[in-house]
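# What the coordinates show
Chain by chain, the residues:
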Amino acid sequence: MIITRFAPSPTGRLHVGNIRTALHNWMLARQGGGRFILRIDDTDAARSSEAYVDAIRADLRWLGLEWDAEERQSARLDRYEAGFKALHDAGRIYPCYESAQELEVKRKIALGRGLPPIYDRAALKLTEAERAAKDAEGTPAHWRFMLDHAEPIQWDDGIRGAQKFDAAQLSDPVIRRADGSWLYMMPSAIDDVDMGVTQVLRGEDHVSNTAVQIQIFTALFAAGFAAAESAAKALPAFAHEALLVGREGKLSKRLGSLGCDAFRERGIEPEAIVALLARLGTSLPVEPIADRSALIASFDLSSFGRAPAKFDEEDLERLNAGIVHQLAFDAVAARLPQGMDEAGWHAIRPNLAHVGETGDWWKLVTGPIAQPEFGDDDKAFLALAANLLVWGESPWVTLTGALKEATGRKGKGLFLPLRQALTGMDHGPDMGELLPLIGETEVRARLHQAAA
Ligand code: GLU
């Protein structure tokens, strides 16, 4: 059974980047008939807020990404304590006493010597007595996970292919702060084990975290930590997506305007976002596909490219129009002008870029409309139209047929004055569909008025 998770930190609103991660994990789970877990990474109490948790849930619901279970890291602190103990007992965790300033100095020295700024493991060399002295001084310890330098860390990435890291080129990560609180690295691995996560799919900014976490997973398994029924017995599969960039490069500055609220306000449908983000950065064509099962069925990690994927708001607008043209009446009824029925929606839908524009077009049906001033020829033509109008099965076809025969007019000369007289516009919805909506009495009245 496939189990995926989306693990946002509730320290801000979701934006296109994490919406994409959520969507892909959701699709992966739905494709395999598996489970999609929403995991709230709220170990950073100071920066996390309940309002953001609510907003994340609301955004996922609006996008239609239902989750099968919700987990919260703040409710799982006893598990982290247990994992910490297991790793500590196994000799993989050690206390460190350097202040932030000391670490910064070490970093600068390393960089100055042209060396990578890797933690030098000075704390590992402290004797028992030196540690005891630090503790007695009241210098609180923070804790690092000791990477195993013996073997390279390797995995077959679902997107990036074979990955290989030399653990000696990585710093032993701090996993617990001096105040006892947890950093991201270990809780996430413990959660993935406990929740039986089978696929970890996230952005490529996490590639080096994966290298570290693979060692944490392995150490947890070796310590016999993964004992629970639901727990994973093997490493999850990992895949890292190339990041999203804007048309002009980095997205980071504009992320605030690229969230669900902003999209909704601009009249973007969730289906357009889903259709775009499902395939952006893959070799599959980005098309206005409203049918999620089609997107799910075609979702394929091997179609993902390694180059950054370009997020372009013009693509989103184009897809939005394509999606709006397919939306069923029931899906939009609540957002339509009062009195508008299914036939009205179908007539107007092809003209919309956003559902919110419906009202402007619906006014052509309900009136009043502003007709242009017609010349004498057109006035005579429109008077004739009023006379020839027969209200039957398809009044528009009958009327234009009769007018063509009577006047010899065709093309623009035939259709444009009629459209202008009946709608006040030069372009717009299909007249054959509009006429029955406007109704016989009003059609006659508009023709007479234009001819007068
Ligand atoms: N909370 C982490 C983040 O938002 C989760 C990363 C992960 O998927 O493991 O970056």
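For the structure itself, look to the data block above.
Residues numbered from 1 in each chain as written. Predicted model: local features only at pLDDT ≥ 70, side-chain atom pairs only at ≥ 80, totals over all residues. Heavy atoms only, no water.

## Here's the deal with the overall build of the chain
- If you tally the helices and strands in the chain, you get 19 helices and 12 strands.
- Its C-alpha atoms give the chain a radius of gyration of 32 Å, more than 25% over the compact-globule value 22 Å for 452 residues.
- Overall, the C-alpha framework of the chain stretches about 110 × 50 × 40 Å when taken along its three principal axes.
- A buried classification covers 48% of the 452 residues belonging to the chain.
- Pairs at least 24 apart in sequence give 74% of the contacts found in the chain among residues at least 6 apart.
- Across the chain, the 51 positively charged side chains and the 64 negatively charged ones have centroids separated by 4 Å. (Helix = DSSP H or I, 4+ residues; strand = E, 2+ residues; numbered from the N terminus. Rg over C-alpha atoms; globule rule 2.2 N^0.38 Å. Buried < 20%, exposed > 50% of the residue type's maximum accessible area, 1.4 Å probe, protein only. Contact = heavy atoms within 4.5 Å. Lys, Arg positive; Asp, Glu negative; His and termini not counted. Charge placed at Lys NZ, Arg CZ, Asp CG, Glu CD.)

## Some words on the pairing of strand β2 (residues 35-40)
- Most of β2 is tucked away: five of the six residues are buried.
- The parallel pair strand β1 (residues 3-6) and β2 is bridged by helix α1 (residues 16-31), and the resulting crossover is right-handed. (Right-handed = clockwise from strand over helix to strand, strands pointing away.)

## Examining the pattern of salt bridges
- Taken as a whole and assessed by the stated rule, the structure comprises 35 salt bridges.
- Across the pair R20 and E241 runs a salt bridge whose closest N-O atoms are separated by 3.6 Å. Taken as a pair, R20 in helix α1 and E241 in strand β10 (residues 237-241) lie far apart in primary sequence, 221 residues in all.
- Across the pair E104 and K108 runs a salt bridge, and its minimum N-O distance is 3.9 Å. Within this pair, E104 and its partner K108 are both found in helix α4 (residues 100-112), separated by four residues, close to a single helical turn.
- A relative accessible area of 31% places E104 in the partly exposed class.
- Residue classification places K108 among the exposed positions, given a relative accessible area of 56%. (Salt bridge = Lys/Arg side-chain N within 4 Å of Asp/Glu carboxyl O.)

## So, the sheet that holds β2
- Pairing in this open sheet of three strands is parallel, and the strands run β1-β2-β3 from one edge to the other. The open sheet is flanked by β1 and β3 (69-72), the only strands paired with a single partner. Across the sheet, the mean angle separating the axes of adjacent strands is 30 degrees when strand polarity is ignored.
- Pairing of β1 with β2 involves four bridges; the strand directions are parallel. Looking at β2, one finds that T4 is bridged to F36. (Pairing = 2+ DSSP bridges. Axes fitted to C-alpha atoms, helices over the stretch in contact; angles between N-to-C directions.)

## Thoughts on the sheet that holds strand β8 (residues 174-176)
- Within the open sheet, the three strands sit side by side as β4-β5-β8. Their pairing is antiparallel. Of all strands in the sheet, those with a lone pairing partner are β4 (93-96) and β8, marking the two edges. In this sheet, adjacent strand axes meet at a mean angle of 45 degrees when their direction is disregarded.

## Re helix α18 (residues 431-438)
- Burial in α18 covers these residues: M431, L434, L435, L437 and I438. Projected onto a plane normal to the axis of α18, the buried residues spread over an arc of 165 degrees and lie on a single side.
- Tucked into the core, α18 has its buried residues touching α13 (342-348), α14 (358-366), α16 (395-407), α17 (411-423) and α19 (440-451).
- Two or three places before G432, at the start of α18, stands the capping residue D430, its side-chain oxygen 3.1 Å from that residue's backbone nitrogen.
- Within two residues after α18, G439 carries a phi angle of roughly 95 degrees, on the positive side. (Arc of directions from axis to C-beta. Polar contact = N/O pair within 3.5 Å; in protein donor to acceptor, adjacent residues only side chain to side chain.)

## Some remarks on the site of the ligand
- Contacts to the ligand come from R5, A7, S9, D41, Y184, S188, R202 and H206.
- Contact distances for the ligand include 2.8 Å between a nitrogen atom and a backbone N or O atom of A7.
- D41 has a polar side-chain atom sitting 2.6 Å from a nitrogen atom of the ligand.
- Taking 300 Å² as the accessible area of the ligand by itself, protein coverage stands at 77%. (Near = heavy atom within 4 Å. Areas by Shrake-Rupley, 256 points an atom, 1.4 Å probe, with all protein chains shown as cover.)

## Overview of the nonpolar core
- Core analysis: the largest hydrophobic core is formed by 85 residues, its most contacted members being F311 and W345.
- Ranked by residue count, the leading element in this core is α1, at eight residues.
- When near neighbours in sequence (up to four residues on either side) are disregarded, W345 contacts V324, L327, A328, F329, V332, L336, M340, L352, V355 and T358.
- Counting residues in each nonpolar core, the second largest holds 36 residues, with M185, A189, M195 and A231 among its members. (Core = buried A, V, L, I, M, F, W, Y, C linked by side-chain atoms within 4.5 Å.)

## With respect to the packing of helix α15 (residues 376-388) against α19
- Running from N to C, α15 and α19 cross one another at 155 degrees; their axes reach a closest spacing of 8 Å. On the basis of their axis angle, the class for α15 and α19 is roughly antiparallel. Seen along the crossing, α15 lies across α19 with a hand that is left-handed. Along its contact with α15, which presents K379, L382, A383, A385 and A386, the element α19 presents R444, L447, H448, A450 and A451.
- Among the residues forming the contact of α15 with α19, the class breakdown is seven nonpolar, one polar and two charged. (Parallel < 35°, antiparallel > 145°, perpendicular 65-115°, else oblique. Left-handed = near helix turned anticlockwise from the far one by under 90°. Nonpolar A, V, L, I, M, F, W, Y, C, P; charged D, E, K, R; others polar.)

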